[in-house]
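For reference, the chains in residue letters:
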Amino acid sequence: MTDDELIWRIAGGSGDGIDSTSQNFAKALMRSGLNVFTHRHYPSRIRGGHTYVEIRASDHDVKSRGDNYNFLLALGDSFARNPQDEAYYGNEEIKPLSENLDELREGGVIVYDSGLLDTDEIPNFEERVEENDWHVYDLDLRGLAKEHGREVMRNTAGVGATCAIVDLDLEPIEKLMEDAMPEKILEPNLEILHEAYESVQEDYETDVGISLPTGEHDEDQVLVSGSHGIAYGALDEGCRFISGYPMTPWTDVYTIMTQNLSDMGGISEQVEDEIAAASLAIGASHAGAKAMSGSSGGGFALMSEPLGLAEITETPLVLVEAMRAGPSTGMPTKPEQGDLEHVLYTSQGDSNRVVMAPGDAQESYEQARKAFQIAYGYQIPVIVLYDQKLSGGHQTVPESTFDEEPNPDIGDVVTEDELEDAERLAGRFKRYRYDGEDGVSPRSIPGQKGGNFLASGNEHNEAGHISEDPDNRVLQMNRRMGKLDAIREELDSMDQSNQTVYGPEDADYAILGFGSTKGVVEESVDRLNDDGHSVKAMNVSDLLPFPREEVREFLESVNEALVVEMNASAQFRRHIQGELGMYGEKLYSLLKYDGNPFEPAEVVDGFESRLEDSVETGGYNTRIESATGD
């Protein structure tokens, strides 16, 4: 391991406090001046089952998880299944150590809890240690924790041991503990932290070529996930109503919103299912509130009917869809980008909505705000599409990102004075005028005198009365669909595009991605160019309406492009071809769908394999596919 970066993996069982311990350690690294990126891997169980969190920390910018890792803290699974289940599930207690060895780099460190884990149960453990030059620290972390209080405090002992080995000062850890823990458990935890730290320094050799990089931030940083970005963006745009039903991984956004809304005079409602959730949000928006809802996978499928209602009644609405591996229940806690086509096309008939896919935590904030501006400016549903990787992974972001002015504006609403002179049809306000600018007809809010109209799920005339007149149908459809052209014009006129282009402008080759693959693709581009290739990248966030000219110009500038996405059917590549109607000969896909996000080495390998006209990748769970089937 070099001083370039620390990739620390803490492994245990679900319910063992792995996530909270990793969060505190990541914050301590951030406060020490380092840039941090985290990755969560956890099973679809409340308690028990192998889980780990990986923290990558460096003095340079880190945009994704790294290639493998170099420091393992293995705590064991204290909620493992009974031994009689081992025939099927294996020895779960030992898995936090045994299942993490394959990805540990040569020369890496292992700290394991010898109070719970027995390496004699791992085949060829000693041989592998010697072969890979691993540095092993067998510490009775559980015993130490029991001496001072509760067994769960072994996590603190593990952090103390880690700090001793990588030479990290305990002060930032202590400060975080003081901020988070009540006095009753603070003192024993501080004692355990120091005892583990001092024990390793006194009794073990720590000069094994490992030290933490040193860094300093130019400005204050915060450690946030894409879920934080979406929630904070929604709150700053004046969202004061959210309704939902818990479903991994969307629950993170829902929870953060719920925790904050009550302090802002807002409302959070947990309902019986996703149909009710989306319907409540539509009702709140119809009544004049800025509202949102969301779900994941199958839960979002239930929102198809109310989504169509929002489209035809032109009710502003923001929905978030957190993708996970499907179909059906699939792998609820694993990342995938397989819901793209579902989100683009679900609903009834010729539906019209906007779909945005932020690429990192900062974009999540910015594009969540833009989603509300478009939804309420154009009276249209907007879907923010992300995945489990972006939902649960944390990264350092400048605190100034969130220093933006709030925006409570709910769009074009008529005043009661304007309603006095407004045109009417059969005594009702013409809510759905044919001649609305950019397809947008000013709306009234329930309770306004003279503002009554019908909001029907049937096709309707200007006042909302059900109508099957052919001419009215064409006028209303054209007006609603025309909004997408106006929205595309607005997005194209922004000072900064939602699409991110990275790398040398005159590069010969390109890599395209959407959403959370942004960071790993950009790091791969840096490596490829350092190795003598000529590569640039584009990450597309505007999925509907699609930035046709921007993507077309980018593709015209290169010889060939590799489209990187986490699904089995190349949905994003097909979307590009469908929107542009060409470039089949230029586009190749690099696909991954094993429940783990891409690592930079996998993208680099996929690109180089394609340059060699190979469809085989170097031993990774990835697949190369041609757009033309060649």
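Residues numbered from 1 in each chain as written. Predicted model: local features only at pLDDT ≥ 70, side-chain atom pairs only at ≥ 80, totals over all residues. Heavy atoms only, no water.

J.: What is the right way to read the pattern of salt bridges from this model?
T.: Working definition: two side chains of opposite charge can pair if their charged atoms are close together. According to the stated counting rule, one finds 42 salt bridges in the structure shown. Taking the shortest distance from any N to any O, the salt bridge between Glu-549 and Arg-552 comes out at 2.7 Å. Taken as a pair, Glu-549 and Arg-552 lie in helix α20 (residues 548-556) at a separation of three residues, close to a single helical turn. Owing to a relative accessible area of 21%, Arg-552 belongs among the partly exposed residues under this scheme. Shared partners join several salt bridges into a network, and the residues in it are Glu-5, Arg-56, Asp-67, Arg-105, Glu-523 and Arg-527. (Salt bridge = Lys/Arg side-chain N within 4 Å of Asp/Glu carboxyl O. Helix = DSSP H or I, 4+ residues; strand = E, 2+ residues; numbered from the N terminus. Buried < 20%, exposed > 50% of the residue type's maximum accessible area, 1.4 Å probe, protein only.)

J.: Whenever I open this one, the sheet that holds strand β20 (residues 542-544) confuses me. Can you help?
T.: Adjacent strands of a sheet form backbone hydrogen bonds with each other and so pair up, either parallel or antiparallel. One open sheet holds the seven strands; their spatial order is β9-β8-β10-β11-β13-β12-β20, and the pairing between them is mixed. Since the sheet does not close on itself, it has two edges, and those belong to β9 (267-270) and β20, each with one partner. The average angle at which neighbouring strand axes cross in this sheet is 20°, direction not considered. Examined bridge by bridge, strand β12 (residues 354-356) and β20 share two bridges and lie antiparallel to one another. Bridge pairing in β20 places Val-355 opposite Leu-544. Packing of helix α9 (residues 226-236) onto the sheet brings it into contact with β10 (291-295), β11 (317-323) and β13 (381-387), and relative to β13 it is tilted by some 160°. (Pairing = 2+ DSSP bridges. Axes fitted to C-alpha atoms, helices over the stretch in contact; angles between N-to-C directions. Contact = heavy atoms within 4.5 Å.)

J.: For this particular structure, what's the right way to read the pairing of strand β3 (residues 50-58)?
T.: Of all nine residues that make up β3, nine are buried, and the element is covered over most of its length. Judged by which residues are buried, β3 turns out to be covered on both faces: His-50, Tyr-52, Glu-54, Arg-56 and Ser-58 on one side and Thr-51, Val-53, Ile-55 and Ala-57 on the other are all buried. Where strand β1 (residues 5-13) meets β3, nine bridges bridge the pair, whose relative direction is antiparallel. What sits directly across from Trp-8, in β3, is Ile-55. Bridge count for strand β2 (residues 35-41) against β3 is seven bridges, and the pairing is antiparallel. Of the residues in β3, the one forming a bridge with Thr-38 is Ile-55.

J.: Can you walk me through the environment of Gly-457 in this structure?
T.: With respect to the helices, strands and loops of the structure, Gly-457 is situated in the loop between β16 (428-429) and α18 (470-492). Remark: the alpha-carbon pair of Gly-457 and Leu-309, spanning 148 residues in sequence, is separated by 5.5 Å.

J.: Can you walk me through the pairing of strand β14 (residues 394-398) in this structure?
T.: The side chains of a regular strand alternate, first on one face of the sheet and then on the other. The buried fraction of β14 amounts to four of the five residues, a majority that puts the element mostly inside the structure. One ladder, built from five bridges, connects strand β7 (residues 221-225) with β14; its direction is antiparallel. Bridge assignment links Val-224 to a residue of β14, and that residue is Gln-395.

J.: Which parts of the structure should I look at to understand the packing of aromatic side chains?
T.: To describe a pair of aromatic rings, you give the distance between the ring centres and the angle between the ring planes. The final tally for this structure, using the stated rule, is nine aromatic pairs. For the ring pair Phe-372 and Tyr-376, a centre distance of 6.3 Å and an interplane angle of 10° mean the geometry is stacked. Placement of the pair is Phe-372 and Tyr-376 together in helix α15 (residues 361-378), with a separation of four residues, close to one helical turn. Between Tyr-432 and Phe-453 the ring centres are 5.9 Å apart and the planes differ by 85°, which places this aromatic pair in the edge-to-face class. One end of the pair, Tyr-432, is in the loop between β16 and α18; the other, Phe-453, is in the loop between β16 and α18, with 21 residues separating them in the sequence. Of the two residues, Tyr-432 and Phe-453, both sit in the buried class. Aromatic rings pair up to connect Tyr-232, Tyr-365 and Phe-402 into one cluster. Positioned above the aromatic ring of Tyr-52 is the side chain of Arg-9, whose terminal nitrogen or guanidinium carbon lies 3.8 Å from the ring centre. Over the face of the ring belonging to Tyr-376 we find Lys-290, whose NZ or CZ atom lies 5.8 Å from the ring centre. (Phe/Tyr/Trp six-rings, centres within 6.5 Å; stacked < 30°, edge-to-face > 60°. Lys NZ or Arg CZ within 6 Å of the ring centre and 35° of its normal.)

J.: Just to check I follow, could you spell out the sheet that holds strand β18 (residues 509-514) for this structure?
T.: Pairing is mixed across the open sheet formed by six strands, whose spatial order is β17-β19-β18-β21-β22-β23. Only two strands of the sheet have a single neighbouring strand rather than two, namely β17 (500-502) and β23 (622-626). Sheet twist, expressed as the mean angle between neighbouring strand axes with direction ignored, is 20°. Sheet strands in contact with helix α19 (residues 518-530) are β17, β18, β19 (535-540) and β21 (560-565), and its direction is about 175° off that of β19.

J.: Before we go on, may I ask you to explain unusual backbone geometry in this structure?
T.: Each neighbour pair has its own omega, and for Gly-326 with Pro-327 the value is 0°, a cis peptide bond. Inspection of the secondary structure puts Pro-327 in the loop between β11 and α14 (340-345). A cis amide bond, omega -5°, links Leu-544 with the succeeding residue Pro-545. Following the sequence through the fold, Pro-545 ends up in the loop between β20 and α20. Phi angles above zero are rare outside glycine, and Asp-438 is one such case at about 55°.

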